[in-house]
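# Examining the three-dimensional arrangement
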Amino acid sequence: MRTPALTTRLQPFTSTIFAEITELARRTGAVNLGQGFPDTDGPEGMLRVAQEAIASGVNQYPPGAGEPELRAAISEHRAARYGSQYDPDSQVLVTVGATEALTATMLALVEPGDEVVLVEPYYDSYPVAVAMAGGVRRTVALKQGSEHRFELDVDALRAAVGPNTRALVLNSPHNPTGTVFTDAELAAIAEVCRDNDLIAITDEVYEHLLYNGRQHHPLATLPGMAERTLSISSVGKSFSATGWKIGWVCGPAELVAAVRAAKQFMTFVGGAPFQPAVAHALRNEIPWVEQLRADLQRKRDKLAEGLDSAGFDVLASEGTYFICADVRPLGFTDGAELCRSLPERIGLAAIPVQVFCDNPDDTRHLVRFAFCKRDEVLDEGLRRLEKLE
């Protein structure tokens, strides 16, 4: 074979930190507080609707854009919660999870050589999606600011945008840091998008999981942004059904049509019996989600207290499943080195934040822990943390 089996643009992405750490955890029997998935199921009513759909024969291809019932429920949900109006027939597309929605968006809208701005630390699929489209990524680093939270450097964002910039990806609530962007930060991002005629691609999968009274404000609701924003979300996080892989993208009809053109040749459709169940969840199970949010806030506090007691410097987590901690007070300087040793050292798995950055030096000292686990799992993880020396 005259050329490598894998294209040059994908060679940097041959493995993920999640696969590496999860295998370490499996091999050592470690408590896995690394990967962000819950270990309990979603609402019983939602599960029952899926079971009934399977039993009644909803097991073949659904319509390419998604079941009309689900698209209508998504539209109703966005209208009731955020005041956003989306035509379910032309402005809502059901996808195989949020990751496919984002990847299809890149393939549809980014030409080779176009620049896409990512906020780092970024979710690990973002740079891969840009690379698949032949785009060029530009990154803007969040900075640790006041009140132990990450903050957006607006001047750096403006500097990152140039004549070849096509799009900006925004993730709020933000994985991996747990930051929720403030109204002022969102207004600045919107201004940059308007001034430079950028498409905004917003990953809002944690839209229901904000803590201490914080509220989610979609970028699309800001002045001049509805016509240039594709809003992505999914059932996975809010309804504890990460394995269902039912996501969606909402936005202007011409942009959604472009995403659909790419998406139809990726998976075409997916999850037929889950789609009516997700429609049910959006219409009937929001009280369950509110209880989940309260429970996750309690678990966040439990983990933060345990990390603090173990000697970590704990950063603020305003949303998501995650909390970040500084390892330097314990005498460590490299989070990746520590995370690779923790499973064998004390039987605990976590994820280093630096792997989500093009410029890792600013986050080399940070480790991310997931608190979306049963109390007994968290308690055991905290007991093991006490052994860290």
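Keep in mind the model is a prediction, meaning the values are calculated, not measured.

### Things to note about helix α2 (residues 44-55)
In an α-helix, one turn spans 3.6 residues, which is why side chains three or four residues apart end up on the same side. The end-to-end C-alpha distance of α2, which contains twelve residues, comes to 16 Å, matching closely the 16 Å that a straight helix rising 1.5 Å per residue would cover. Turning to α2, its buried residues are Gly45, Met46, Val49, Ala50 and Ala53. Seen from one end, α2 has its buried residues packed into an arc of 140°, which puts them on one side. The exposed set on the far side of α2, more than 90 degrees from its buried face, consists of Glu44, Gln51 and Ala55. In the segment just after α2, Gly57 is the residue with positive phi, at about 95°.

### Structural notes on the sheet that holds strand β14 (residues 351-352)
The strand order β11-β12-β15-β14 describes an open sheet built from four strands, whose pairing is antiparallel. Of all strands in the sheet, those with a lone pairing partner are β11 (313-314) and β14, marking the two edges. Direction of pairing for strand β12 (residues 322-326) relative to strand β15 (residues 366-370): antiparallel, over a ladder of five bridges. Each residue of the ladder has a partner; that of Phe322, found in β15, is Ala370. The strands touched by helix α10 (residues 286-310) within the sheet are β11, β12 and β15, with β12 carrying the most contacts at an inclination of about 15°.

### Some remarks on the UniProt feature "domain: Aminotransferase class I/classII large" (unreviewed entry) in the protein
Under the local residue numbering, the UniProt record ascribes the feature "domain: Aminotransferase class I/classII large" (unreviewed entry) to residues 31-384. Structurally, residues 31-384 is divided into 39% helix and 17% strand, and its ends, taken at the C-alpha atoms, are 9 Å apart.

### Concerning the environment of Gln275
The residue Gln275 is located in helix α9 (residues 274-284) in this model. Along the sequence, Gln275 and His77 sit 198 residues apart, while their C-alpha atoms lie 15 Å from each other. Those residues in contact with Gln275, other than ones at most four positions away along the chain, are Pro62, Gly66, Glu67, Leu70, Val94, Ile246 and Gly270.

### Description of the layout of surface pockets
Taken as a whole, the largest pocket spans an internal volume of roughly 930 Å³. Phe18, Thr99, Tyr123, Asp124 and Ser125 are the residues nearest the centre of the largest pocket, which is lined by 43 residues in total. Counting residues per element, the ones that place at least two in the lining of the largest pocket are α1 (17-28), α4 (97-109), α5 (125-132) and β9 (229-234). Lining the second largest pocket, in full, are Arg81, Tyr82, Glu207, His208, Leu210, Gly213, Arg214, Gln215, His216, Glu290 and Arg293. Those elements that provide at least two residues to the lining of the second largest pocket are α3 (68-82) and α10.

### Remarks on the side chain of Thr363
With respect to the secondary-structure elements, Thr363 resides in the loop between β14 and β15. In this structure Thr363 comes out as buried when scored by relative accessible area, which is 4%. When near neighbours in sequence (up to four residues on either side) are disregarded, Thr363 contacts Pro121, Val353, Gln354 and Cys357.

### Side note on the packing of aromatic side chains
On inspection of all chains with the given rule, the structure shows nine aromatic pairs. Their ring planes at 35° and their centres at 5.9 Å tell us that Phe18 and Phe356 sit as a pair that is tilted. Pair noted here: Phe18 is in helix α1 and Phe356 is in the loop between β14 and β15, with a separation of 338 residues, a long-range link. Taken as a pair, Phe18 and Phe356 share a single burial class, namely buried.

### Details of the sheet that holds strand β10 (residues 247-250)
Sheet architecture is open: seven strands sit in the order β2-β10-β9-β8-β7-β3-β4, paired in mixed fashion. Of all the strands in the sheet, the pair left with one neighbour each is β2 (92-95) and β4 (136-141). Within the sheet, the average angular offset between the axes of one strand and its neighbour, ignoring direction, is 20°. The strands touched by helix α8 (residues 253-263) are β2, β8 (199-203), β9 and β10; relative to β2, the strand with the most contacts, the crossing angle is about 25°.

Reading guide: rules and limits
Residues numbered from 1 in each chain as written. Predicted model: local features only at pLDDT ≥ 70, side-chain atom pairs only at ≥ 80, totals over all residues. Heavy atoms only, no water. Helix = DSSP H or I, 4+ residues; strand = E, 2+ residues; numbered from the N terminus. Expected span 1.5 Å × (residues − 1). Buried < 20%, exposed > 50% of the residue type's maximum accessible area, 1.4 Å probe, protein only. Arc of directions from axis to C-beta. Pairing = 2+ DSSP bridges. Contact = heavy atoms within 4.5 Å. Axes fitted to C-alpha atoms, helices over the stretch in contact; angles between N-to-C directions. UniProt positions renumbered as here; feature names shortened; annotations may be inferred. 1 Å grid on protein atoms, 1.4 Å probe; cavity = no way out; pocket = protein on both sides within 12 Å on 5 of 7 lines; lining within 4 Å. Points joined across faces, edges and corners; volume = space filled by probe spheres on them. Phe/Tyr/Trp six-rings, centres within 6.5 Å; stacked < 30°, edge-to-face > 60°.

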